[in-house]
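Breakdown of the fold
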Amino acid sequence: MNQLETNLSITFRKAEFEHDAAMLHKWHHEPHVIPYWNQDFPFSQYTKHLKKLLADDHQTLWIGHVDSVPMSYWETYWAKDDIIGDYYGSEPYDQGVHLLIGDPAYLGKGLSLPMLHEIMKQMFTDKRTQRIVAEPDSRNKKMIHVFKKCGFLPQKEIQLPDKKALFMICEREDFERGPENGL
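Residue positions are given per chain, counting from 1 as you read along its sequence in written order. It should be noted that, the model being predicted, local features are given only for residues of pLDDT at least 70 and side-chain atom pairs only at 80 or more, the latter also being counted only at that level, while totals for whole chains, interfaces and linings use all residues. By convention in this description, side-chain values take in all heavy atoms of the structure and omit both hydrogens and water.

1. Section: the pairing of strand S6 (residues 131–134)
Selection rule: Any residue under 20% of the maximum accessible area for its type is buried, any over 50% is exposed, and the rest in between are partly exposed; the area is computed with a 1.4 Å probe on protein chains only. Helix and strand labels come from DSSP, where a helix needs a run of H or I of at least four residues and a strand needs a run of E of at least two; each type is numbered from the N terminus. Strand pairing follows a simple DSSP-based rule, namely that at least 2 bridges must link the two strands. For a crossover, the right-handed case is the one in which the path from the first strand over the helix to the second runs clockwise, viewed with the strands pointing away from the viewer.
The side-chain alternation of S6 yields two buried faces, one formed by Arg 131 and Val 133 and the other by Ile 132 and Ala 134. Pairing of strand S5 (residues 95–101) with S6, which is carried by two bridges, proceeds in the parallel orientation. Its bridge partner lying in S6, Gln 95 is registered against Ile 132. Where the polypeptide runs from S5 across helix H4 (residues 112–123) and back to S6, its parallel neighbour, the crossover connection is right-handed.

2. Notes on the environment of Asn 7
For Asn 7, the location among the structural elements is in the loop between strand S1 (2–3) and strand S2 (9–14). Classification of Asn 7 as exposed rests on a relative accessible area of 62%. Once the C-alpha coordinates of Asn 7 and Leu 160 are considered, the two residues, 153 residues apart in sequence, prove to be 39 Å apart.

3. A few points about the confidence of the model for the protein chain
Defined as follows: How sure the predictor is of each residue is captured by pLDDT, a score from 0 to 100. Contacts are residue-level and defined by heavy atoms, with any inter-residue pair within 4.5 Å sufficient.
Averaged over the protein chain, the pLDDT score is 93; the fraction of residues at 70 or greater is 94%. Within the model, the stretch residues 1–5 combines pLDDT values under 50 with 13 contacts to residues more than four positions away or in other chains.

4. Quick notes on helix H1 (residues 17–27)
Two residues of an α-helix separated by three or four positions point the same way, owing to the 3.6 residues in each turn. Among the residues of H1, Phe 17, Asp 20, Ala 21, Met 23, Leu 24, His 25 and Trp 27 are the ones counted as buried. Summarising the contacts, the buried residues of H1 are in contact with S2, helix H3 (43–55), strand S3 (59–66), strand S4 (69–78) and S5.

5. Here's the deal with the nonpolar core
Note the threshold: To define a nonpolar core, start from buried Ala, Val, Leu, Ile, Met, Phe, Trp, Tyr and Cys residues and group those joined through side-chain atoms within 4.5 Å.
By size, the foremost hydrophobic cluster in this structure holds 30 residues, and its most contacted members are Trp 74, Val 97, Leu 116, Met 120, Phe 147 and Phe 152. Those elements that place two or more of their residues in this core are S2, S3, S4, S5, H4, S6, helix H5 (141–149) and strand S8 (163–171). In terms of nonpolar packing, the next biggest core, distinct from the first, is built from 16 residues, Ala 15, Phe 17, Ile 63 and Tyr 73 among them.

6. Section: the packing of aromatic side chains
The cut-off we apply is this: Here the aromatic set is Phe, Tyr and Trp, taking the six-membered ring for Trp, and pairing holds for ring centres within 6.5 Å; pairs whose planes are under 30 degrees apart are stacked, those over 60 apart are edge-to-face, and all others are tilted.
Tallied over the entire structure, the rule returns six aromatic pairs. Summarising the aromatic geometry, the rings of Tyr 88 and Phe 167 are spaced 4.8 Å apart at their centres and angled 40 degrees between planes, so their arrangement reads as tilted. Highlighted residues: Tyr 88 in the loop between S4 and S5 and Phe 167 in strand S8, separated in sequence by 79 residues. Given the relative accessible area of 13%, Tyr 88 is considered buried.

This is the structure we're talking about:
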């Protein structure tokens, strides 16, 4: 948990199918999410997709909370076991992160930066991890800006099966000395 200057608390819990499927399905149908995630499937298809994601041991799905209210979705994963591992010289303990602010009431509140920072702190608790990667959609300028503020450096544009992305890397050293570390 991270106490922000505004007295908001940020927490993450692992996603659970029974508890979160309907909420996640709703979030993936939000107009601000659809262009970047392309998972606006009918519920029956979405539940199959979600079950597959939850069963995949190379990643962990998280629900992000602000003041105990669920409002965001996160995926952390081992990069070498993900498609992104084919696009660069991945190391065995590189991790990656995906995120979305699901509840539109939380958009534009400046929460992406402290939440990303907090989950990165959690990811770097594995001392073997020396870098975290991200591949935001190249059109998503707001998230690219947030990633940069957390210490990610753009590497190259890549064409993934589902999007054109900006591949970014944050080295542990850059994260630890970054100005946002004091959040």
